[in-house]
Amino acid sequence: MTTFQDLGRTDTERRGVPSGGAADQHSAAVANILVGNRRGAPLIESMGGELAIVPDVDVLVAVTGTPSRVTVGGAHVDSWTPVVVPAGHELRISEGGLGARSYLAINGLLAVERFLGSAAPDARMGFGQVIARGSEIRVDTGFHGFDRTFFDQSLFRFPVPRLAFDEKPWTIDVLPSDQLVGIPGMRELVAESIYTVTDRSNHVGLRLNGPVLHPDDRTEIVSHGVPIGALEVPHADELIVLGRYRSLTAGYPIIGFATRTSLAMLGQAGPGRELRFRWVDRDRAVHAARAVEGELQKLESVVSDAFVALGVPTTFSRGLDCARII
């Protein structure tokens, strides 16, 4: 499944429309920064397979997300760094299986349709945005390559904040909800247990196998708003972690909320992935989010300085040329 994506819709949830957007917002933002685009620019999200493109002009790209084998013309290149793909050469991304999604950003502006201001797909609204075999992708770009005095290939050593995929199981930080006290023993059970993502998971939420407890009072609760990353306890013996395409209200108990910095790893969790939840307080969650934001701002500054020196344009450049990628 390969689609156009961005960071989602803004100011639409008050109208009942989920924000949607890239499941792993961190990797999507980093990919765009690495090619000189704004964080929320459209890019390509690929899930569960291989992706290959052949440009008809030189393009500057970056691949992030799950650890993958990335090749240009059959030769290995690094991910999480800017890479030049010469005209007529194939860029191929083969996912390694540790995570669920890879992201491909291209310097310039992808020519994509938008729904309520965003390229993010929403099948329920009839807005698919699926990229199929043989699709033609158009991008407005002013990139014409760059020259270095001493090297044929540009060497970048950017301070890139990568995701850590090596830990088993993945640790997800969560904040407790007021409703947690309504399920005695649930906090301790969640902290001590390992949960496994099932194949019934989708873009609406992750369904997790693992031990759960239920409220002593089975009376239906009034539906209430639910944020991205909410941990629900449905009637079945499972946990659900809501994603970016969840319904905006629900009537199940919410025991906690994944922190902002944990949402990226949840977006990479595919069937069979084991997760461990760690309770944290608000101060720790805010500190972690500010630290990541600082890293992204530093990366933007360093990339901007490097691209100015190399003459690499950003999406804000004028006089853009039109290139075609197949």
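So, here's what we can say about the structure. (Residues numbered from 1 in each chain as written. Predicted model: local features only at pLDDT ≥ 70, side-chain atom pairs only at ≥ 80, totals over all residues. Heavy atoms only, no water.)

**A word on the sheet that holds strand S8 (residues 91-95)**
Thought 1: With antiparallel pairing, the four strands of this open sheet are ordered in space as S3-S8-S5-S6. Each having just a single partner strand, strand S3 (50-53) and strand S6 (75-77) make up the two edges of the open sheet. Between one strand and the next, the sheet's axes are offset by a mean angle of 25°, whatever the strand orientation.
Thought 2: Two strands pair when backbone bridges link them, and S3 and S8 are joined in this way by four bridges, in the antiparallel orientation. (Pairing = 2+ DSSP bridges. Helix = DSSP H or I, 4+ residues; strand = E, 2+ residues; numbered from the N terminus. Axes fitted to C-alpha atoms, helices over the stretch in contact; angles between N-to-C directions.)

**Side note on unusual backbone geometry**
Thought 1: The backbone of aspartate 11 sits at a positive phi, close to 60°, despite the residue not being glycine.
Thought 2: Within the secondary structure layout, aspartate 11 lies in the loop between strand S1 (2-5) and helix H1 (25-34).
Thought 3: Using a relative accessible area of 49% as the deciding quantity, one classes aspartate 11 as partly exposed.
Thought 4: Look at leucine 116: it is not a glycine, yet its phi comes out positive at around 55°. (Buried < 20%, exposed > 50% of the residue type's maximum accessible area, 1.4 Å probe, protein only.)

**Things to note about H1**
Thought 1: Burial within H1 is extensive, with nine of its 10 residues counted as buried.
Thought 2: Among the residues of H1, His26, Ser27, Ala28, Ala29, Val30, Ala31, Asn32, Ile33 and Leu34 are the ones counted as buried.
Thought 3: Looking at the buried residues of H1, the elements they touch are strand S2 (43-47), strand S4 (59-65), strand S9 (101-106), helix H3 (263-268) and helix H4 (282-310).
Thought 4: At the N-terminal end of H1, a side-chain oxygen is found 3.3 Å from the backbone nitrogen of histidine 26, two or three residues along, and the residue is aspartate 24.
Thought 5: Positive phi shows up at glycine 36, right after H1, with a value of about 85°. (Contact = heavy atoms within 4.5 Å. Polar contact = N/O pair within 3.5 Å; in protein donor to acceptor, adjacent residues only side chain to side chain.)

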